[in-house]
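Here are the chains, one letter per residue:
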Amino acid sequence: MIEIKKPVEIEKLRKANELVARTLDYLEGIIVPGMSLKEIDIKAEEFILDHGAKPSFKGLYGFPGSICISLNQACIHGVGDERILKEGDILGLDVGTCIDGYYGDAARTIPIGKISATDEALIACAKDALYYAIDIIKEGMRFKELSYELGEFITKRGFVPLKGYCGHGIGKKPHGEPEIPNYLEPGASAKSGPKIKNGMVFCIEPMVCQKDGTPVHLKGNWEAGSKDGLNAAHYEHCVAIINGKVDILSK
């Protein structure tokens with residue numbers, strides 16, 4: 001069952017998501033080569049706590065970090081540890097917050113100094129796929145149509161979506177219905193399943209790999225990347241459907 005949020009609930013979700021956006025902006029402004037992933041995690045947690053929220057990923061399902069910090073081949077769920085950033089890396093930052101029982105969630109992948117042309121195209125694909133999806137959403141569209149369009153966009157750019165992971169509903173829980181893969185499941189019809197309705201709030205998050213979307217765990221049980229062993233990128237926004245249109249809450 002996909003929850004329909006009241007306007008007052010959407011505004012509470014907006015507050016949590018605006019802090020996510022501010023945290024991402026803050027981190028992007030301070031991250032430089034030579035920093036450790038652990039240092040980034042600490043600074044993110046301090047920033048979130050200083051603004052009256054809690055980092056919602058910390059302890060979620062046993063996750064050890066305050067935010068997800070995914071380096072190079074890791075697409076999602078990276079853990080901030082002692083690894084040191086260097087020029088030419090790419091870094092995924094996925095931030096979650098909770099304020100007054102309501103959750104925020106968004107992500108972006110950033111370059112560390114000058115990066116390769118391939119990595120530039122990879123990051124652009126993830127970002128552009130997200131905004132393309134946001135642009136085409138309308139009330140009455142099916143979530144499976146959205147998944148289909150995301151998959152088509154990514155593959156037309158010459159990349160592939162990470163399989164087995166998806167966008168999701170959000171509210172008083174960090175994850176909920178619907179699940180929104182970045183591709184149409186084999187055998188599924190884009191004209192089936194639930195429709196997008198006013199009052200729904202959900203996260204869209206393209207996860208883009210280079211050659212093979214088969215997921216593998218890279219460090220323990222957390223970091224998920226591609227079987228191809230190549231760099232991957234991730235972008236995410238939390239959106240609400242208000243008056244038939246998309247409103248980006250995490251901006």
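How each quantity is defined
- All chains use their own residue numbering, which begins from 1 and follows the written sequence.
- In keeping with the predicted nature of the model, local features appear solely for residues at pLDDT of at least 70, side-chain atom pairs appear and are counted solely at 80 or more, and the whole-chain, interface and lining totals rest on all residues.
- The side-chain figures draw on all heavy atoms in the structure; neither hydrogens nor water molecules are used.
- UniProt positions are given in the numbering used here, feature names are shortened, and annotations may be inferred rather than shown by experiment.
- Helix and strand assignments follow DSSP, with helices taken as H or I runs no shorter than four residues and strands as E runs no shorter than two, numbered in order from the N terminus.
- Each radius of gyration is computed over the set of C-alpha atoms, and the globule rule expresses the reference value as 2.2 Å times the number of residues to the power 0.38.
- For every residue, the accessible area (1.4 Å probe, protein chains only) is compared with the maximum for its type, and the residue is labelled buried under 20%, exposed over 50%, or partly exposed between those bounds.
- Here, residues are in contact when the closest pair of their heavy atoms is within 4.5 Å.
- What sets the accessible areas is the Shrake-Rupley method with a 1.4 Å probe; for residues, cover comes only from the shown protein chains.
- Any two strands with at least two DSSP-identified bridges between them are counted as paired.
- Lines fitted to C-alpha atoms define the axes here, with helix axes fitted over just the stretch in contact, and angles between the N-to-C directions of these axes take values from 0 to 180 degrees.
- Helix crossings get a hand from a simple test, with the near helix turned counterclockwise from the far one by less than a right angle marking a left-handed crossing and a clockwise turn marking a right-handed one.
- Following the grouping adopted for this structure description, the nonpolar residues are Ala, Val, Leu, Ile, Met, Phe, Trp, Tyr, Cys and Pro, the charged ones are Asp, Glu, Lys and Arg, and the polar ones are all others, Gly among them.
- Between the first and last residue of a helix there are one fewer steps than residues, each counted as 1.5 Å, and that sum is the expected span.

Looking at an unreviewed UniProt entry, one finds the protein chain named Methionine aminopeptidase, with Campylobacter ornithocola as its source organism. Regarding the protein chain, the relevant UniProt record gives this comment under Function (unreviewed entry): "Removes the N-terminal methionine from nascent proteins. The N-terminal methionine is often cleaved when the second residue in the primary sequence is small and uncharged (Met-Ala-, Cys, Gly, Pro, Ser, Thr, or Val). Requires deformylation of the N(alpha)-formylated initiator methionine before it can be hydrolyzed." The record in UniProt for the protein chain states the following under Catalytic activity (unreviewed entry): "Release of N-terminal amino acids, preferentially methionine, from peptides and arylamides."

Secondary structure summary: the protein chain contains four helices and 15 strands in total. Taking 18 Å as the expected radius of gyration for a compact globule of 251 residues, we find that the protein chain reaches 17 Å, a close match to that expectation. If you line up the protein chain on its principal axes, its C-alpha atoms span 50 × 40 × 30 Å. Taking all 251 residues of the protein chain together, 55% fall into the buried category. At a minimum sequence separation of 6, the contacts of the protein chain that also span at least 24 residues come to 73%. Summing over all exposed atoms, the protein chain offers an accessible surface of approximately 11,000 Å²; the carbon and sulfur share of this is 51%.

On to the sheet that holds strand S12 (residues 224-226), then. Two modes of strand pairing occur in sheets, parallel and antiparallel, and in both the strands are linked by backbone hydrogen bonds. The strand order across the open sheet built from three strands is S3-S12-S11, with neighbouring strands paired in antiparallel fashion. Edge positions in the sheet fall to strand S3 (74-76) and strand S11 (215-217), since each has one partner strand and no second. Each strand axis lies, on average, 50° off the axis of its neighbour in the sheet, ignoring direction. Where S3 meets S12, two bridges bridge the pair, whose relative direction is antiparallel. Considered in S12, the bridge of Ala74 is made with Gly225.

Next up on the list: the pairing of strand S4 (residues 90-99). A regular strand places its side chains so that they alternate between the two faces of the sheet. Of all 10 residues in S4, 10 are buried, a share of seventy percent or more. Here S4 shows no split at all, with Ile90, Gly92, Asp94, Gly96 and Cys98 on one side and Leu91, Leu93, Val95, Thr97 and Ile99 on the other all buried. Bridge count for strand S2 (residues 68-71) against S4 is four bridges, and the pairing is antiparallel. Bridging across to S4, Ile69 finds its partner in Leu93. The pairing of S4 with strand S5 (residues 102-111) spans 10 bridges and is antiparallel. Among the inter-strand pairings, Leu91 is bridged to a residue of S5, identified as Ile110. Turn length for the S4-S5 hairpin, with the two strands adjacent in sequence and antiparallel, is two residues, and the turn residue Asp100 shows positive phi of about 55°.

Another point: the packing of helix H3 (residues 117-136) against helix H4 (residues 143-156). Closest axis-to-axis distance for the H3/H4 pair is 10 Å, and the angle between their directions is 145°. The element H3 and its partner H4 pack so that their crossing is right-handed. Of the residues in H4, those touching H3 at Cys125, Asp128, Ala129, Tyr132, Ala133 and Ile136 are Leu146, Glu149, Leu150, Phe153 and Ile154. Split by residue class, the contact of H3 with H4 holds nine nonpolar, no polar and two charged.

The subject of this paragraph is helix H1 (residues 7-30). Residues spaced three or four apart along an α-helix point in a common direction, a consequence of the helix completing one turn every 3.6 residues. For H1, built from 24 residues, the straight-helix expectation of 34 Å at 1.5 Å per residue is met to within 8% by its first-to-last C-alpha distance of 35 Å. Close packing links the buried residues of H1 with helix H2 (37-50), S4, S5, strand S9 (201-204), strand S14 (237-242) and strand S15 (245-248).

What follows is about the sheet that holds strand S6 (residues 160-161). Strand order in this open sheet of three strands is S6-S10-S13, and the pairing throughout is antiparallel. Both outer strands of the open sheet, S6 and strand S13 (233-234), are each paired with one neighbouring strand and no more.

On to unusual backbone geometry. In this structure, Pro178 follows Glu177 across a cis peptide bond, with omega equal to 5°. Here Pro178 shows up in strand S8 (residues 176-181). One non-glycine residue, Tyr61, lies in the positive phi region at around 55°. Structurally, Tyr61 can be placed in the loop between strand S1 (54-55) and S2. Phi is positive for Asp100, which is not a glycine, with a value near 55°. Here Asp100 is to be found in the loop between S4 and S5.

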